[in-house]
Amino acid sequence: MPGKVLNIIVTGVGGQGNVLASQIIATAAVESGYQVSVGETFGASQRGGSVMSHVRVSQEKLGPLIPRGEADFILGFEPLETLRTFREYGSQKTQVIMNVRPNYPLGVLLNEDKYPDIPELTENIRANSERVWALAATDLAVSVGVPVGTNMVMTGAFVGTHILPIGLETYEAVLEGLFTGEILRLNLAAFQAGFKAVS
Amino acid sequence: MEQLRMSLRLKQEVMDTEACTRCGLCVGLCPYIKTMNERIAFIHDCSREDGNCYQVCPRTPTDWATLDQAVFGEARTDQVLGNYAQILYARSLDRGTGESGQYGGVVSALAAFMVESGESEAAVVTRGEESGPPTPVVARTREEILAASGSKYSASPTLSALNEGVRQGLNNLTVIGRPCQVLGLRKMQSLTGVSEHNLSARQVNFTIGLFCFWSLDTKVYSLFEQKTEGKAVRKIDIPQNFVVLTTDAGEVQIPVDEVREYIRPTCLRCFDPTAEFADVAVGSTEHDPQWNTLIVRTAKGKEVVERAVAEGRLEIKDYPAARLPLLLTAVNNKKQRVVDGMARGEAGYEYLILNSASFAAAGRED
Amino acid sequence: MSFLSLLVNEPGRQVLMSGNEAITRGAIEAGLSYAASYPGSPTAEIVTNLGRLAKTHELYAEWSVNEKVAIEEAAGASFTGLRSLCVVKHNGLNVALDSLVSISIGGVKAGMVLVVGDDPAAHSSTNEEDSRLISKVAHLPILEPSTPEEAKQMTLAAYTLSERVQLPVTLRCVTRLSHGSGNVTLSLIQPANKKPVFKKEDRFVTHVAFHQAQEIKLAKIREAADTLPFNTYTGPEDAKTIIIASGPSSLYALEAVQALGLAGEVGVLKLGITWPLPEKFLLKHMKHAEKVIFIEEIEPFNEENVMALAAQHMTDIYPIQFFGQHSGHVAGPKGPGLGEMDPDIVKRSIARVMDTGVAEAEAAVATTNAVSAAGVPSAGIPEREMAFCAGCPHRASFWAMKSALALDGRNGVVLGDIGCYSLALRRTGWSLPQTMHAMGSGAGIANGLGKLDMFGFNQPVIAVVGDSTFFHATIPALINARYTSSNFMLVVLDNETTAMTGHQPHPGLNKNAMGEDVQGIAMEDVVRGLNIPVSIHDPYDVKGTVETVYKLLQSEGAKVLILRRVCALLAAKAETRPRVYVNQDQCIGDDCGCNRFCSTTFSCPATIWDPKKGKAVIDEVVCNRCQVCVSLCPQGAIKVEGGDQVAR
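Moving on: the overall build of chain C. When its secondary structure is counted, chain C shows 23 helices and 23 strands. Computed over C-alpha atoms, the radius of gyration of chain C comes to 28 Å, within 12% of the 26 Å expected from 2.2 N^0.38 for 648 residues, which places it in the range of a compact globule. Principal-axis analysis of the C-alpha atoms gives chain C an extent of 80 × 70 × 60 Å. Within chain C, the fraction of its 648 residues that count as buried is 56%.

Spelled out as structure tokens, the structure:
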């Protein structure tokens, strides 16, 4: 862990499973003896809105929200949301994993807004951050037979960066507490695919 | 001045001003224009800059002379009745059509002839209901055509059924329509420079126009229901000064003056009571209930009528010379009222582009 | 995983829990017997979890018809000696207010805790309301947790306090606490009295004579407040500036003081109980302070109560100055008391108050943002608007109502209500509703509009409600409509669940909060019982729905139309439907008169545009396979796999 506190933001669109990803990371951190504070918004934002979880891992009690510009890590499930979050919370010190599959907002569907060019967007974040992993997480999930497993691929990729000194087995234990049988097997496969893609 | 979008203009110039004739031609061209109870409305602004809906509407600007050229290939020869080849008395020899039809049953006989001969795949007709407004239908059989025979006196958006039929893949259709409906069809047929999709009128191969001096608002059906005490109405006729409703229990008569308040204002601004752009136009004789007046207008009309006569479906005879002035006076008076209204600068006539060749008042009065 | 941690019985173990889970756990550790609630964000998950724990933990949990009934039930259980819980959101407390005020006068017997979820910034609410003002009106003590850990401890303490003074105790939560998560230390699940007995007591009959006793109880709590472990002070004992904060805002304040380098001179006083105030504790620290800054959400509740206390003791604490919402120093971008607090707003607010280093602090905040924004274009980031889900029956219902009203042509009025369908106020519902207030108020307003014909009012009126809202607050309005011959149509958008708050059951369904089979109440029977005509239609049949709505609009009097179709999210989980796709040979793209009706007007998120082919395409990851677009595509280009449209 780079400093006393690791500020992680999981960002995406309602329905992508980012809340579950943040809960897995946070649970593994609590199980490993850290103080964790998670801030999230759900409810109305499920309905196609932007969804963001702040996960703060440290040795002390912290508030549920990360101050602007102080995200150490952004786990972006969707390019536009990654950009939006990076603009507000990112800095030259921020590391980013971004799923490159877009989810078009209503304004784009209505032909009123233009979705940003993804390679350009990626370069933009790369130039202004510490590091960017642009990951075809949804494709990766499909390739291991779990089309809805994007969140597991992304979680695995986060673990693969080793930014938190928590072992793979701790996360796998969290997954084993969450799922059983075939669903556990599929989720583990997606998780491991993400892990390998980054490490 | 910035040009408004076509769709918005249709709404503002035609629908919002009650100029709409309820022809139904714009209904179903797109998912935004719908009809219910003979009212036509925009559900949602489609945001399109262009719009066939505006261009084909019988109540958007129409140059009569251009349309004469498009339909007949020549300038107007009769300024009261429009161009025609023959004016006749006619009646159906097709057993069945004469019984249920109005007067001579010519309309049903011709439509059935077109469908049965295979020249048209179906006929777009307006089927009367036992109560309330009639229903536009695509009739694919003789039975379905006969089921729809008889005059209707409200403004059914019949052409919505044409759009629906063409979308379902039908080709070569006969359309039975009011003069405004025929006008819309002809406008659509002569459109240029637009996408070929959804131009339903191009699938019409025969138009039977109906004489029409006015139509009634659907509120009149409440009056009918009240007068017949809720009985099913089998037939409606307006022979002279009474509206006659035929029910299973007999006839109910309503003085015509009682229904005048239901006449749609747009009908008072109509310049075309005899379906001037139809292949054939049919009306009553106002004289002999066994016969219809039949105006054969186009070459196509002439050819179909001749075949129908040859095949024993139709009987024709000369239009009585003594009756012709009466018809001309009635039509001329209606046209004169429109021209007078235009001259006074009244609203509602913006759609009419006339030149002296289109109409020169004959000066006859009632 | 967090649900499982609720079951762990290992005292001392730390687990991750949300604020809602921590309260659930706290109630169970306290030996809770009876819980009643109406679902509302941000506190809906508490009774969802209690329902799942009912069997194993010998307790009863229910989704009540509304909050008024819920609070009365919880009081009833308490009267018999059972510890009870009532969970509401701020609007729900308003619904329950009349009963709450009366219950508080005579008081309760066994511990009764009232959890209220306030929603600063209105993340999932119509309004931001500070319910502490309501609890104060009802003479209830208020505890305000700042972390999930504290939420659990306070739940336990609230039961003790409630039993000590025999008043219900409010646990006031904000969204960031309820939905946030953190470490929670588990304690033993205590054995509890689960043998209810009702014993007559005079105080259960509300009478003004008990007002005095009620005030004495509050005074007792005021004494006890100073000894509660939840009020803390962090900072120099002689700090000239203190910050008084409560809830998660107190954590933002602690961080801000650190970040601004003010830890050596500014103290942070966190209030765990915000009514009645721990007066001695506050006065002790106000004595050494010359400046007091208030950080709280939403209204200046602590600010005003503490200033009143200070005024009373001014000679002891003078000189002193107060900074907060009233002075304008503590404010987010929209102004004082608007929106929620966050670390940046708090940092800026403190910097504004401190004489020195204002510019630096402002600059520091500005710089962090500037660094993060550097080089990343701000333009061209489209907003992500809220929209109906793919396949949502409400989209079809609103399109049908919009169509019928346009065809009717009398400038009809649609009155909205509270639920998923309030998203119709946005673009995917074509902004059809013209009013929205409280639950059931659409039908109430319709009652009024429906009787204005004597003044020449002739616009038809439609009130829309959801199925859960129908039972919650609409039936009295219907009774009134029938009794007073009001002329309007009530459309019940029945998606067979309480969708917005997470698919809870309601009285119309055959399941209860504990997952048991029960006999639901058919809303059509309720309406028929009032002798009001009722029709039922499937909104997925758009054409038929348009006709039905149109026809009903032409009829006089009050009438009800139930548009019944299960929530698309539940349906997608429950059954596998055939795939829906665009036959791109049939789609004629921009040559169609429809102007991309499916993706731009009907705007289902599953119908998207394929720019390469210039035709529509279905995003099969998003599509819930409702098939409504199949019936609406003017070219009939949208198909169902395995043949044409399947019968519904």
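Turning our attention to the environment of Ala 281 of chain B. Residues and elements named next belong to chain B. Examined against the element boundaries, Ala 281 turns out to sit in strand S12 (residues 280-284). Along the backbone, Ala 281 and Tyr 84 are 197 residues apart, and their C-alpha atoms lie at a distance of 9.5 Å. If near-sequence neighbours (up to four positions away) are discounted, Ala 281 is found in contact with Gly 209, Phe 211, Thr 274, Ala 275, Ile 295 and Arg 297.

Moving on, we get to the domain arrangement of chain C. Residues and elements named next belong to chain C. In terms of domain boundaries, chain C breaks down into domain 1 (2-225), domain 2 (232-363), domain 3 (393-566) and domain 4 (576-640). A C-alpha centroid distance of 33 Å is found between domain 1 and domain 3. Of the residues lining the interface, 16 residues belong to domain 1; the matching set on domain 3 comes to 17 residues. For the side of domain 1 that touches domain 3, the secondary structure elements donating two or more residues are helix H3 (45-53) and strand S3 (60-63). For the side of domain 1 that touches domain 3, the residue count by class is eight nonpolar, seven polar and one charged.

By a frequent convention, interface size equals the accessible area lost on bringing the separate parts together. Every contact between the two is made by 17 residues of chain B and, on the other side, 17 residues of chain C. When contributions to the side of chain B that touches chain C are tallied by element, the ones reaching two or more residues are strand S1 (33-36) and strand S2 (39-42) of chain B. Among the elements that line the side of chain B that touches chain C, the one with the most residues is S2 of chain B, at three residues. Here the residues of the side of chain B that touches chain C are counted per class, giving eight nonpolar, six polar and three charged.

On to the sheet that holds strand S9 (residues 233-237) of chain B, then. Residues and elements named next belong to chain B. Reading across the sheet, the three strands line up as S9-S10-S11 and stay open at both edges, with antiparallel pairing between neighbours. This sheet does not close on itself; its edge strands, each paired only once, are S9 and strand S11 (250-255). The mean angle between the axes of side-by-side strands here comes to 20°, regardless of whether they run parallel or antiparallel. Here S9 pairs with strand S10 (residues 242-247) via four bridges, running antiparallel. Residue pairing across strands places Lys 235 opposite Thr 246, the latter belonging to S10.

All names here are of chain B. Spatially, eight strands are ordered S6-S5-S7-S8-S12-S13-S4-S14 in an open sheet, and the strand pairing comes out mixed. Where the open sheet ends on each side, the last strands, each with one partner, are strand S6 (135-139) and strand S14 (314-318). Strand-to-strand twist in this sheet, taken as the mean axis angle between neighbours without regard to direction, amounts to 25°. Lying over the sheet, helix H12 (residues 299-310) contacts strand S8 (204-210), S12, strand S13 (292-296) and S14, oriented at roughly 115° with respect to S14.

The interface is formed by 58 residues belonging to chain A together with 51 residues belonging to chain C. Put simply, the parts of the chain that give the side of chain A that touches chain C at least two residues each are helix H1 (18-31), strand S2 (35-40), helix H2 (79-89), helix H3 (106-109), helix H4 (118-128) and helix H7 (168-178) of chain A. Here the side of chain A that touches chain C takes seven residues from H2 of chain A, the largest share from any one element. Broken down by class, the residue content of the side of chain A that touches chain C amounts to 27 nonpolar, 21 polar and 10 charged.

Residue and element names in this part refer to chain A. Counting buried residues along strand S6 (residues 131-135), four of its five residues qualify, which places the element largely inside the surrounding structure. Note that strand S5 (residues 95-99) and S6 share five bridges and pair parallel. The residue of S6 that forms the bridge with Met 98 is Ala 134.

What counts and how
Residues numbered from 1 in each chain as written. Chains lettered and ligands numbered in written order. Predicted model: local features only at pLDDT ≥ 70, side-chain atom pairs only at ≥ 80, totals over all residues. Helix = DSSP H or I, 4+ residues; strand = E, 2+ residues; numbered from the N terminus. Rg over C-alpha atoms; globule rule 2.2 N^0.38 Å. Buried ≥ 20, exposed ≤ 12 C-beta atoms within 10 Å, placed from the backbone. Contact = placed C-beta atoms within 7 Å. Domains from an automatic or database assignment. Nonpolar A, V, L, I, M, F, W, Y, C, P; charged D, E, K, R; others polar. Pairing = 2+ DSSP bridges. Axes fitted to C-alpha atoms, helices over the stretch in contact; angles between N-to-C directions.

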